[in-house]
Amino acid sequence: MENVQNAAFVSVPLDDFFDPQEINNDIQTGIVVLTSKQRAMVDDLSQKLTIINPMHMEAFNRRMDDLKSLATAIARFPSLLERASLVSGIRTPQELIESLIAHTPEGEATLQLPSKSTLGRGFLVAKIHTFSSLTKLAKEAELDEKIIHAFQDETVSMMFLLQAEDVYLNMIRDNSIDIDFRRQLALSLLLLWEHRADQNIADIAPVLQSVWMARRRLAPAFGTMMGTSELIMISMQMDEQWAAFIKTKLSEQKVSQAMEEFLFGLSFEQIQRLKTILREKGIAAIGRDEVSQYLGQYVKTDVSLDYRDFYTQYSLRRDNARARARFGLDGPHKTLEDYFIRFVMEQNREKQNNDIYAK
C-alpha cells in the first residue's frame, strides 16, 4: 500500500468530501490519546485516587505516560491525510483512497495497509487494556459505581473501533456499493487510522452494546429459535436507528441469518445442523448447556459482559462470513454488525444528501 504509482489512480480531491476551509482548520493529524470525555474521566479518577488510594497513583501515571509515548512515536510516521514524501515516492490521501478501493485483497491485508494503520491498531489495543485496568483500579478503590460503569462502557466503545476497521474494509471492497460511497467510506477509514477515533462508531457503539446485553439476559430455546422475537422486542425499544434497521432489514434472509448467529452464539452451519438433529430426534428445544452435547463438540454459548468475549464472538462470525462469501456458500456473508453499520451510514448519507438538496 505504501508503494503506490500515481498513474494507477484517479485523483479524487478531498474537496469532494469536505469543505476546503474544513480541511485546513478542523482536520488535524495525529492520534487522539484521550477524547475530551475520556480526559474528564481520567482526571476525575486521578483526583479520587490521590485522596483515596495514593499508592495506586504511580502505576496509574506510568500507564498513561506509556500511552502518550506510544502515540508520540506513531505520530512520527507520515500522516495519511496529507501529501507525504516516502522512500518510494510521493503519496497522497487521494491515492490511498483509490488504492483501498482497487487493491484491498481477500484474506489478511496487514501487509497491504499503511504502517500507521497497523501501529495505530496496536495503540488502540493498548488503550483498551489501559481502560480495562483503570476499571479494575476504580473497583479496587471502591469508587462510585457510576465511575466504574463509565470506564467499562468506554472500554467496550473502543472495542467497537476494532470492529469498525473490519467493517469499513468489508464495505470498501463490496462492489454492490456505489463507487462514490466507497470513496467516502475509504476516507472515513483513513480518518480512523489517523486519529483512532470515529464519531460514527461512537454513536453506534452504545446501541450494539445494549443489544449485546439484551442478548445476554435472554435464555433462548435452541431448535425452535425462541428468543429471537424477545430480543427484537427488547432492542427495538432502545434506539430509533436499531428499530428502523430491524423493520427495514430483518426480512432479508442473510440479515436474519446473521441475527441468529449473533443471538445464539453459533455459526449458521451449527444452527442448521442442530435444527436437523433435534427434528430427527423429535426434540422441540434444548437449553444452552445442552448444545455441545448434541453437536458433539464444545461450543461456548454462554456470554459475559467482558469486552474480550464480545470481540471473540464477533471475530468468529466475521471469519466464517468471509469464508462463505469467498466460496459462495449458503449463510450470511457479513456479520450483524456489518449490516447494521452499513445501514446507519447509508441512512446518514441519505440525510446529508437531502439536507444539501433542501438548501
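In case you missed it, the structure is sitting above this.
It should be emphasised that the depicted structure is a prediction, and the values quoted were computed from it without experimental measurement. (Residues numbered from 1 in each chain as written. Predicted model: local features only at pLDDT ≥ 70, side-chain atom pairs only at ≥ 80, totals over all residues. Heavy atoms only, no water.)

### Let's talk about the pattern of salt bridges
The condition that has to hold: Salt-bridge detection follows one rule: a side-chain nitrogen of Lys or Arg within 4 Å of a carboxyl oxygen of Asp or Glu. Secondary structure counts use DSSP, requiring at least four H or I residues in a row for a helix and at least two E residues in a row for a strand, with both numbered from the N terminus. When accessible area is computed with a 1.4 Å probe and restricted to protein chains, residues below 20% of their type maximum are described as buried, those above 50% as exposed, and intermediate ones as partly exposed.
Under the defined criterion, the tally for this structure stands at 22 salt bridges. For Glu154, the salt bridge is made with Lys37, and the minimal N-O distance between the two is 3.3 Å. Separated by 117 residues along the polypeptide, Glu154 in helix H6 (residues 145–172) and Lys37 in helix H2 (residues 36–52) bring together distant segments of the chain. Residue classification places Lys37 among the exposed residues on the basis of a relative accessible area of 54%. Residues Glu58 and Arg62 are paired through a salt bridge, measuring 3.6 Å at the closest nitrogen-oxygen approach. Of the two residues, Glu58 and Arg62 are both situated in helix H3 (residues 57–75); the distance of four residues between them amounts to about one turn of the helix. The network of salt bridges with common partners includes Asp166, Arg318, Asp319 and Arg322.

### Some words on the environment of Gln297
Among the secondary structure elements, Gln297 is positioned in the loop between helix H13 (291–295) and helix H14 (307–327). Given the relative accessible area of 33%, Gln297 is considered partly exposed.

### Describing the environment of Trp193
Our working rule: Any pair of N or O atoms that falls within 3.5 Å is considered a polar contact. Within protein, one atom must be able to donate a hydrogen and the other to accept it, and sequence-neighbouring residues count only if both atoms are side-chain atoms.
Here Trp193 lies in helix H7 (residues 179–195). Taking relative accessible area as the criterion, Trp193 reaches 1% and is therefore assigned buried. In this structure, the C-alpha to C-alpha distance between Trp193 and Gly30, residues 163 residues apart in sequence, is 9.3 Å. Polar side-chain contacts of Trp193 include one of 2.8 Å to the side chain of Glu165.

### Here's the deal with unusual backbone geometry
In this structure, Glu142 takes a positive phi of about 55° despite not being glycine. Along the chain, the position of Glu142 falls in the loop between helix H5 (115–140) and H6. Non-glycine residue Arg196 carries a positive phi angle of around 55°. Positionally, Arg196 belongs in the loop between H7 and helix H8 (199–217). Classification of Arg196 as buried rests on a relative accessible area of 2%.

### Remarks on the nonpolar core
The condition is simple: Nonpolar cores were defined as sets of buried Ala, Val, Leu, Ile, Met, Phe, Trp, Tyr and Cys residues, with membership established by side-chain atoms within 4.5 Å. Only heavy atoms enter the contact rule, under which two residues are in contact if any of them lie within 4.5 Å.
Among the nonpolar cores identified, the biggest contains 80 residues, and Phe60, Leu100, Trp242 and Phe245 are the most heavily contacted of them. Those residues in contact with Phe245 that lie beyond four places of it in its chain are Leu250, Val255, Leu336, Tyr339, Phe340 and Phe343. Judged by nonpolar contacts, the second largest core, of ten residues, contains Phe264, Leu274, Ile286 and Val291.

### Focus: the packing of aromatic side chains
What counts here: Side-chain rings of Phe, Tyr and Trp, where Trp is taken by its six-membered ring, are said to pair if the distance between their centres is within 6.5 Å; with planes under 30 degrees apart they count as stacked, over 60 as edge-to-face, and otherwise as tilted.
Throughout the structure, instances matching the rule amount to nine aromatic pairs. A ring pair is formed by Trp212 and Phe262, whose centres lie 6.1 Å apart and whose planes are at 75°; its orientation type is edge-to-face. Of this pair, Trp212 sits in helix H8 while Phe262 sits in helix H11 (residues 253–264), placing them 50 residues apart in sequence. With a relative accessible area of 3%, Trp212 lands in the buried category. Both rings, one in Tyr311 and one in Tyr314, keep their centres 5.8 Å apart while their planes meet at 45°; by these two values the pair is tilted. Here Tyr311 and its partner Tyr314 are both found in helix H14, three residues apart, which amounts to about one turn of the helix. Each member of the pair, Tyr311 as well as Tyr314, carries the same accessibility label: buried.

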